[in-house]
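Okay, here's what each chain looks like letter by letter:
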Amino acid sequence: MRKLFQNFIKCGILGWCLEISFTALNALRRRDYTLRGVTSLWMFPIYGAGCLLTPFFRLFHRLHWTVRGSIYAALIFAAEYVSGSLLWKKDLCPWDYEKARWNVSRLIRLDYFPCWAATGLLMERATRDAGRVPRH
């Protein structure tokens, strides 16, 4: 249980940092040189839930990183859709992808697939027990 909590914290912090960096880089694209990155407190437990992917990390560790990343992206899309749907019902969802070309129900963006694949691989690495999951 302690390891699960530690992994929850690791994934939550990792997700927050990635989101702040991603939104800051998006500001740069808009020529906003303040590079202001943003997130929401709601996102910490959503990213923290990445710790629940740990059994998948162990199950798929022998697969090529591109396959693992693709599986993780699909799982993250599912979690994003479910968590976004729940937050949307309470008018609390901090994201709205309605204006994005490749959005699904305003809740996920298919063009974020590479970002979510990389996030899954980073979470795999962050939650790896020393010696348990071999490196590729």
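A quick note: this is a predicted structure, and the numbers were derived from the prediction, not measured.

Q: I'm lost on the overall build of the protein in this one. Help?
A: A tally of helices and strands in the protein yields 5 helices and 2 strands. Along the protein, from the amino end to the carboxyl end, the secondary structure elements read α-α-α-α-β-β-α. Against the 2.2 N^0.38 benchmark of 14 Å for 136 residues, the protein shows a C-alpha radius of gyration of 15 Å, consistent with a compact globule. With the C-alpha coordinates of the protein rotated into their principal frame, the extents come out at 45 × 35 × 25 Å. Here the protein, with 136 residues, has 35% of them falling under the buried criterion. Partitioning the contacts of the protein with sequence separation of at least 6, the portion at a separation of at least 24 is 59%. With an accessible surface of roughly 8900 Å², the protein has 65% of that area assigned to carbon and sulfur atoms. When the 20 basic and 9 acidic side-chain charges of the protein are each reduced to a single mean position, those positions are 8 Å apart.

Q: Before we go on, may I ask you to explain unusual backbone geometry in this structure?
A: Generally, phi is negative for residues other than glycine and the peptide bonds are trans, each holding for most cases. We note that Leu 35 has phi near 55°; this positive angle belongs to a residue other than glycine. Leu 35 sits in the partly exposed class, given a relative accessible area of 41%.

Q: I keep staring at the packing of helix H4 (residues 65-89) against helix H5 (residues 113-126) and nothing clicks. Help me out?
A: To describe two helices that pack against each other, one gives the angle between their axes and the distance between the axes. Contact pair H4 / H5: the axes reach a minimum separation of 7 Å and the direction vectors enclose 105°. The orientation of H4 with respect to H5, classified from their angle, is roughly perpendicular. For the pair H4 and H5, the contacting residues are Trp 65, Arg 68, Gly 69, Ser 70, Tyr 72, Ala 73, Ile 76, Phe 77 and Glu 80 in the first and Phe 113, Trp 116, Ala 117, Thr 119, Gly 120, Leu 121 and Glu 124 in the second. Of the residues assigned to the contact of H4 with H5, the class counts are 9 nonpolar, 4 polar and 3 charged.

Q: I tried to follow the pattern of salt bridges on my own but got confused; where do I start?
A: Evaluation of the coordinates by the stated rule reveals 4 salt bridges. A single salt-bridge network, built from bridges that share partners, covers Asp 96, Glu 98 and Arg 106.

Q: What exactly am I supposed to notice about H5 here?
A: Helical geometry: 3.6 residues make up each α-helical turn, so side chains three or four residues apart lie on a common side. Between its terminal C-alpha atoms H5 stretches 20 Å, which fits the 20 Å expected from 14 residues at 1.5 Å a residue. Listed in full, the buried residues belonging to H5 are Trp 116, Ala 117, Thr 119, Gly 120, Leu 121, Met 123 and Glu 124. Here the buried face of H5 lies against helix H1 (2-29), helix H2 (43-48), helix H3 (54-59) and H4.

Q: Could you clarify how one ought to interpret the packing of H1 against H5 in this entry?
A: Contact geometry for H1 and H5: axes closest at 10 Å, N-to-C directions at 145°. Crossing handedness for the pair H1 and H5: right-handed. For the pair H1 and H5, the contacting residues are Lys 10, Cys 11, Leu 14, Leu 18 and Phe 22 in the first and Cys 115, Thr 119, Leu 122, Met 123 and Ala 126 in the second.

Q: Please explain the nonpolar core as it appears in this structure.
A: For soluble globular proteins, the rule of thumb is that nonpolar side chains tend to be buried together. With 23 residues, the main nonpolar core has Trp 95 and Trp 116 as its most contacted residues. Those elements that place two or more of their residues in this core are H2, H4 and H5. Sorting elements by how many residues they give to this core places H4 first, with 5 residues. The residues touching Trp 95, leaving out its near neighbours within four places in the chain, are Met 43, Ile 46, Glu 80, Ser 83, Gly 84, Leu 87, Trp 88, Arg 106 and Leu 107.

Cut-off values and rules
Residues numbered from 1 in each chain as written. Predicted model: local features only at pLDDT ≥ 70, side-chain atom pairs only at ≥ 80, totals over all residues. Heavy atoms only, no water. Helix = DSSP H or I, 4+ residues; strand = E, 2+ residues; numbered from the N terminus. Rg over C-alpha atoms; globule rule 2.2 N^0.38 Å. Buried < 20%, exposed > 50% of the residue type's maximum accessible area, 1.4 Å probe, protein only. Contact = heavy atoms within 4.5 Å. Areas by Shrake-Rupley, 256 points an atom, 1.4 Å probe, with all protein chains shown as cover. Lys, Arg positive; Asp, Glu negative; His and termini not counted. Charge placed at Lys NZ, Arg CZ, Asp CG, Glu CD. Axes fitted to C-alpha atoms, helices over the stretch in contact; angles between N-to-C directions. Parallel < 35°, antiparallel > 145°, perpendicular 65-115°, else oblique. Nonpolar A, V, L, I, M, F, W, Y, C, P; charged D, E, K, R; others polar. Salt bridge = Lys/Arg side-chain N within 4 Å of Asp/Glu carboxyl O. Expected span 1.5 Å × (residues − 1). Left-handed = near helix turned anticlockwise from the far one by under 90°. Core = buried A, V, L, I, M, F, W, Y, C linked by side-chain atoms within 4.5 Å.

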